[in-house]
Amino acid sequence: MPDSPPTLLYCRCAYAQVVPTGVKNEVLQRLCDSGASFESVSDLCEMAAHRDPRLTALAACGKLRIAACYPRAVKGLFQQAGAPLSEDAEVHNMRTDTAEQIVQQLLA
């Protein structure tokens, strides 16, 4: 039986606007073009502040790959929301990496 594909999560970073617009737009476009299934959220920071229950559901996914910002910050947001990420969750940093690097890692 083949392994199930990872759950992909894309954060639009709509409120803090700390992720370069070009990078986040290109990551989103490439994900759409890839045909891969992914979850897109407006802003993980806002979701954590409101303890959005969707974070608990996402954290429970077996394999989770996240395109957002600094891994330490994203893990802290999930922790703050009472939904700690598993050790094998991957967080890819759109603030420091290129769109190409991020998409390659998400779809690997």
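Below you will find a few notes about this structure. Predicted, not measured: the structure shown is a model, and the values here were computed from it.

Applying the stated criterion across every chain yields a total of 3 salt bridges. The partner of Arg30 in a salt bridge is Glu26, with the nearest N and O atoms 2.9 Å apart. With Arg30 and Glu26 both in helix H1 (residues 21–34), this residue pair falls 4 residues apart, about one helical turn. For Arg30, a relative accessible area of 32% translates into the label partly exposed.

An order of S2-S1-S3-S4 is seen for the 4 strands of this open sheet, with the pairing classed as parallel. Taken across any chain shown, the strands that pair with only one partner, and hence form the sheet edges, are strand S2 (39–41) and strand S4 (90–93). Between one strand axis and the next, the sheet turns through 20° on average, direction left out of account. With 4 bridges joining them, strand S3 (residues 64–68) and S4 adopt parallel strand pairing. Across the sheet, Ile66 pairs through a bridge with Val91, a residue of S4. Strand contacts of H1: strand S1 (7–11) and S3, with the helix running at about 150° to S1, the strand carrying the most contacts. Strand contacts of helix H4 (residues 71–80): S1, S3 and S4, with the helix running at about 130° to S4, the strand carrying the most contacts.

So, about the pairing of S3. Of all 5 residues making up S3, 5 are buried, and the element is well covered by its neighbours. Across the two faces of S3 the burial is the same, with Leu64, Ile66 and Ala68 and Arg65 and Ala67 all buried. Note that the unit made of S3, H4 and S4 has a crossover that is right-handed.

To continue, consider the environment of Lys63. You can see Lys63 is positioned in the loop between helix H3 (53–59) and S3. For Lys63, a relative accessible area of 36% corresponds to the partly exposed category. Separated by 25 residues in sequence, Lys63 and Asp88 have C-alpha atoms that sit 7.0 Å apart.

What counts and how
- Residues numbered from 1 in each chain as written.
- Predicted model: local features only at pLDDT ≥ 70, side-chain atom pairs only at ≥ 80, totals over all residues.
- Heavy atoms only, no water.
- Salt bridge = Lys/Arg side-chain N within 4 Å of Asp/Glu carboxyl O.
- Helix = DSSP H or I, 4+ residues; strand = E, 2+ residues; numbered from the N terminus.
- Buried < 20%, exposed > 50% of the residue type's maximum accessible area, 1.4 Å probe, protein only.
- Pairing = 2+ DSSP bridges.
- Axes fitted to C-alpha atoms, helices over the stretch in contact; angles between N-to-C directions.
- Contact = heavy atoms within 4.5 Å.
- Right-handed = clockwise from strand over helix to strand, strands pointing away.

Interpretation note: all reported values are geometric properties and have no functional meaning in isolation.
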